[in-house]
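Spelled out from the first residue to the last, the chains are:
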Amino acid sequence: MIRKLMLGLVSATAVVGVALSASVPAVAAGPGHGGWVPAPQEAFEQPAGARCDFAVRVRPVVDEVRKLVLAEYPDGSPRRELYTGRLLDEVTNLDTGAVTTVDASGTSLVEYAPDGSMTWYVTGPVLLGFRADAGSLPRGIWIVDGVYVVEFDPTYVYKTITLVHGTTHNVCSDVD
């Protein structure tokens, strides 16, 4: 399993390196493919107990994330996409007003499986929310940083993170 994950990360890193080191904007070949497009993150709120012990809001304060479609299924839905760009999120405790800003500017190669599951091959920091008993990390809003894989079940509720090298930090503790 780790060998397969490492091969996936090596492949993802190669794609990311080629796409990001080009001196001209990268463009996918083939019908229906375009160049890089904005991929904005929506602000969201969670009630007390859903991710943190208190109600919380996450909103982007800098959002320069863009995506590139690398492959599509015959119906035109994405099969593989690359996401990159600067993303700073403000996390607010809605009970006390405490605020922190986190860097979630990781780069991800995202693969969508026919069964509805999704796998991210990531380098750098990404902000991920976990429900209680719904993944490999406890309930919280986590910054995961390093080189790792995130596997989502078809409902996108259950997430498994496999760190090749990196760290995890629950941002809820920063605004508690």
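The preceding data block contains the structure.
Values in this document were obtained by computation on a predicted structure and should not be read as measured data. (Residues numbered from 1 in each chain as written. Predicted model: local features only at pLDDT ≥ 70, side-chain atom pairs only at ≥ 80, totals over all residues. Heavy atoms only, no water.)

Participant: Just to check I follow, could you spell out the overall build of the protein chain for this structure?
Facilitator: Helices and strands together make up the secondary structure of the protein chain, namely 1 helix and 12 strands. Reading the protein chain from its N end, one meets helices and strands in the order α-β-β-β-β-β-β-β-β-β-β-β-β. Expressed as a percentage of the 176 residues in the protein chain, the buried residues total 43%. Put simply, 54% of the contacts in the protein chain that link residues at least 6 apart link residues at least 24 apart. In the structure as shown, the protein chain presents an accessible area of about 9,100 Å², 56% of it carried by carbon and sulfur atoms. (Helix = DSSP H or I, 4+ residues; strand = E, 2+ residues; numbered from the N terminus. Buried < 20%, exposed > 50% of the residue type's maximum accessible area, 1.4 Å probe, protein only. Contact = heavy atoms within 4.5 Å. Areas by Shrake-Rupley, 256 points an atom, 1.4 Å probe, with all protein chains shown as cover.)

Participant: For this particular structure, what's the right way to read the sheet that holds strand β2 (residues 44–46)?
Facilitator: Within a beta sheet, neighbouring strands are joined by backbone hydrogen bonds and run either parallel or antiparallel to one another. Strand order across the open sheet formed by 4 strands is β2-β3-β6-β7, with antiparallel pairing between neighbours. Whereas interior strands pair on both sides, the edge strands pair on one side only; in this sheet they are β2 and β7 (99–103). Along the sheet, successive strands turn relative to each other by an average axial angle of 25°, direction set aside. Bridge count between strand β3 (residues 56–63) and strand β6 (residues 87–93): 7 bridges; the pairing is antiparallel. The partner of P60 across the bridge, within β6, is D89. (Pairing = 2+ DSSP bridges. Axes fitted to C-alpha atoms, helices over the stretch in contact; angles between N-to-C directions.)

Participant: Any chance you could explain the pattern of salt bridges here in plain terms?
Facilitator: It is possible for side chains bearing opposite charge to pair when their charged atoms get close. Under the defined criterion, the tally for this structure stands at 5 salt bridges. With a shortest N-O distance of 3.1 Å, E45 and R57 are connected by a salt bridge. Linking E45 in strand β2 with R57 in strand β3, this pair joins segments that are 12 residues apart in sequence. The shortest N-O distance in the salt bridge between E90 and R59 comes to 3.0 Å. With E90 in strand β6 and R59 in strand β3, this residue pair connects regions lying 31 residues apart in the sequence. Residue E90 is classed as buried on the basis of its relative accessible area, which comes to 18%. According to the relative accessible area criterion, R59 is partly exposed, its value standing at 34%. (Salt bridge = Lys/Arg side-chain N within 4 Å of Asp/Glu carboxyl O.)

Participant: Help me understand the pairing of β7 in this model?
Facilitator: In summary, the side chains of a regular strand alternate between the two faces of the sheet. Residues T100 and V102 line the buried face of β7, whereas the alternating positions V99, T101 and D103 sit on a face that is not buried. Sheet topology places β6 next to β7; 5 bridges connect them, and they run antiparallel. Across the sheet, D89 pairs through a bridge with V102, a residue of β7.

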